[in-house]
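What follows is the residue order along each chain.
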Amino acid sequence: MATERTFSIIKPDATNRNLTGKINAMIEEAGLRIVGQRRIQMTDAQAKKFYEVHAERPFYGELVEFMTSAPVVVQVLEGENAVAKYREVMGATNPEDAAPGTIRKEVALSIGENSVHGSDSQENAKLEIGQFFTEADIVG
Ligand code: CMP
């Protein structure tokens, strides 16, 4: 197994409810190391670019509006098989389908307000990390 990095966002529904620490504890308990982290107010341009793969989906406008509605915490997570591991820790996109003990089952509100984002592949992880971090911001 290889040490990898993945990109994570703690979304506005979670920062609004002061859940950053609880989510970080779940991440760390799963053996993932938070090697980069910054709290930001995402701009409209950043959110549109980040989710441009969903630009044609009916929920795109709502998604961009939500992601810019309050601060988010952008993170770089590192560990063995970090991409797949974090997807396991997050649980299914829709909290109704998420397994017990996952972040989305424990704290998410709905498919839109689903508390966290995680990269779906190593290739996307590199692109997503690059949108928000330089190597100098990441200390492993
Ligand atoms: P995320 O992993 O950040 O990637 C795309 C996001 O789109 C996803 O999490 C959901 O929060 C959001 N999303 C997916 N389907 C819907 C939907 N039907 N309505 C609103 N948001 C959605």
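This section reports on the structure supplied with the text.

Calculation rules
Along each chain, residue indices are assigned from 1 in the same order as the chain's sequence is written. Totals for whole chains, interfaces and linings use every residue, but because this is a predicted model, local features are given only for residues with pLDDT of at least 70 and side-chain atom pairs only at 80 or more, for both listing and counting. To obtain the side-chain values, all non-hydrogen atoms of the structure were included, while hydrogens and water were left out. Helical segments are the DSSP runs of H or I of at least four residues, strand segments are the runs of E of at least two, and each set is numbered from the N terminus. C-alpha atoms define the radius of gyration, and 2.2 Å times the number of residues to the power 0.38 defines the globule rule. Only protein chains enter the accessibility calculation, which uses a 1.4 Å probe; a residue is then buried when its area is under 20% of its type maximum, exposed when over 50%, and partly exposed in between. Working definition: rings of Phe, Tyr and Trp (its six-membered ring) pair if their centres are within 6.5 Å, and the pair is stacked with planes under 30 degrees apart, edge-to-face with planes over 60 apart, and tilted otherwise. Whether a charge sits over a ring depends on NZ of Lys or CZ of Arg being within 6 Å of the ring centre and within 35 degrees of the ring normal. Buried and open spaces are told apart on a 1 Å grid over the protein atoms alone, a cavity being a set of points where a 1.4 Å probe fits but cannot get out and a pocket being an open set with protein on both sides within 12 Å along at least five of seven lines. Residues with an atom within 4 Å of a point are the lining residues. Grid points are joined across faces, edges and corners, and a volume is the space filled by probe spheres set on the points. Polar here means any residue outside two lists: the nonpolar Ala, Val, Leu, Ile, Met, Phe, Trp, Tyr, Cys and Pro, and the charged Asp, Glu, Lys and Arg; Gly therefore counts as polar.

## Section: the overall build of the protein
Along its length, the protein carries 7 helices and 4 strands. Order of helices (α) and strands (β) in the protein, N terminus to C terminus: β-α-α-β-α-α-β-α-α-β-α. Compactness check: the protein gives a C-alpha radius of gyration of 14 Å against a globular reference of 14 Å for 140 residues, within 12% of the reference. Seen through its C-alpha atoms, the protein measures out along the principal axes to roughly 40 × 35 × 25 Å. Counting all 140 residues of the protein, 46% fall into the buried class.

## Considering unusual backbone geometry
Unlike most non-glycine residues, Asn-18 shows phi in positive territory, near 60°. Assignment of secondary structure puts Asn-18 in the loop between helix 1 (12-16) and helix 2 (20-29). The backbone phi angle of Ser-115 is positive, close to 70°, even though this residue is not glycine. Following the sequence through the fold, Ser-115 ends up in the loop between helix 6 (103-107) and strand 4 (116-118).

## Observations concerning the packing of aromatic side chains
Two numbers describe a pair of aromatic rings. These are the distance of the centres and the angle of the planes. On inspection of all chains with the given rule, the structure shows 5 aromatic pairs. Between the aromatic rings of Phe-7 and Phe-50, the centroid separation amounts to 5.7 Å while the plane-to-plane angle is 55°, which identifies the pairing as tilted. Here Phe-7 is found in strand 1 (residues 3-10), whereas its partner Phe-50 is found in helix 3 (residues 44-50), with 43 residues between them in sequence. For Phe-7, a relative accessible area of 0% gives the class buried. Look at Phe-50 and you get buried, because its relative accessible area is 7%. Sitting above the plane of the Phe-133 ring, Arg-38 keeps its charged end 5.2 Å from the centroid.

## Description of the layout of surface pockets
As a volume, the largest pocket reaches approximately 820 Å³. Taken together, 30 residues form the lining of the largest pocket, with Lys-11, Tyr-51, His-54, Leu-63 and His-117 sitting closest to its centre. Only helix 3, helix 4 (60-67), helix 5 (82-90), strand 4 and helix 7 (122-132) provide two or more residues apiece to the lining of the largest pocket. Per-element tally for the lining of the largest pocket: the top contributor is helix 7, with 4 residues. Residue composition of the lining of the largest pocket, by class: 11 nonpolar, 9 polar and 10 charged.

Bear in mind that shape data such as this cannot, by itself, settle questions of function.
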